[in-house]
Amino acid sequence: MFSDFYTKYEYAKKMLETELEILIHSFEIKHGYTPVEHMKSRLKTMPSIKKKLEEKGYSFTPDNIEKQINDIIGCRIVVSFLSDVYDIVSLISHSPNLIIKERKDYIANPKESGYTSYHIIALVPIYLENRVEYIQAEIQVRTVAMDFWASLDHKIRYKFHESIPEEVQKEMEHYAKDIQELDRKMYHLNQIMSKYQ
Ligand code: 0O2
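Residues numbered from 1 in each chain as written. Predicted model: local features only at pLDDT ≥ 70, side-chain atom pairs only at ≥ 80, totals over all residues. Heavy atoms only, no water.

A. Geometry of the sheet that holds strand β4 (residues 118-127). Reading across from one edge, β1-β2-β5-β4-β3 is the order of the five strands in this open sheet, with mixed pairing throughout. The strands lining the two open edges of the sheet, one partner per strand, are β1 (36-43) and β3 (99-105). Here the average twist between neighbouring strands, direction ignored, is 20 degrees. With seven bridges connecting them, β1 and strand β2 (residues 73-79) associate as antiparallel partners. Residue pairing in the sheet places M39 in a bridge with I77 of β2. (Pairing = 2+ DSSP bridges. Helix = DSSP H or I, 4+ residues; strand = E, 2+ residues; numbered from the N terminus. Axes fitted to C-alpha atoms, helices over the stretch in contact; angles between N-to-C directions.)

Okay, structure coming up:
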């Protein structure tokens, strides 16, 4: 039952990867500049889908997966500068092949933990025999500095199983502010450099 269901997500992940690669490549050709440091996509595993559903108080059924989990397909785009985040977001937003369902700007409004990133929930079309189906995917766009913080935070959460000591939490909140400051400085440097190009 679940393997057929999962196949749709595999198709949609391929569609999304191809679409993003083309969009980014066309941006690079137009601007003569490569904003993306790296891009990675993944399908959420069934055990982790089950865990997330249980945490939300839902049973593990295909219907609940489809309605309650919007990041079975996850794609992360890591860029150099803060301005690149918004350039990439704009690029994705203008794609005729994706439908933007939701956006969450955790850069303008960081999460309580200090987490910053720009999230887009997009609907990706997959072309089946007699119909088109739209599959949800979460695209996270962030700078290298934000990515560094988020991956450390992820390791901390894994180590402490969500009950993170207050001392560690406070340190991470401070570092999140340092990261924001560093991104602002790098953005400033990028603007200075652009005068010389
Ligand atoms: P994983 O293992 O990275 O996939 P949702 O969880 O989507 O139902 P919500 O609140 O709408 O609920 O989602 P949100 O917070 O917009 O996005 C969730 C994803 O963002 C997480 O996925 C993480 O990847 C990332 N994220 C959000 N907050 C934090 C944070 O404080 N620290 C870190 N490191 N990442 C965060 P998952 O499924 O939780 O985890």
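B. Focus on the site of the ligand. Close contacts around the ligand come from 18 residues, with K104, Y106, K111, S113 and D153 the closest. Contact between the ligand and K44: an oxygen atom at 2.8 Å from a side-chain N or O atom of the residue. In this structure, D153 approaches the ligand through a side-chain N or O atom, which is 2.6 Å from a nitrogen atom. In isolation the ligand has 730 Å² of accessible area, and contact with the protein removes 72% of it. Broken down by element, the residue count for the shell around the ligand peaks at four residues, all from helix α5 (residues 144-160). Its residues placed into classes, the shell around the ligand shows three nonpolar, five polar and 10 charged. A domain-level breakdown of the shell around the ligand finds at least three residues from each of domain 1 (2-144) and domain 2 (150-194). (Near = heavy atom within 4 Å. Polar contact = N/O pair within 3.5 Å; in protein donor to acceptor, adjacent residues only side chain to side chain. Areas by Shrake-Rupley, 256 points an atom, 1.4 Å probe, with all protein chains shown as cover. Nonpolar A, V, L, I, M, F, W, Y, C, P; charged D, E, K, R; others polar. Domains from an automatic or database assignment.)

Any functional reading would require information that these geometric values do not contain.
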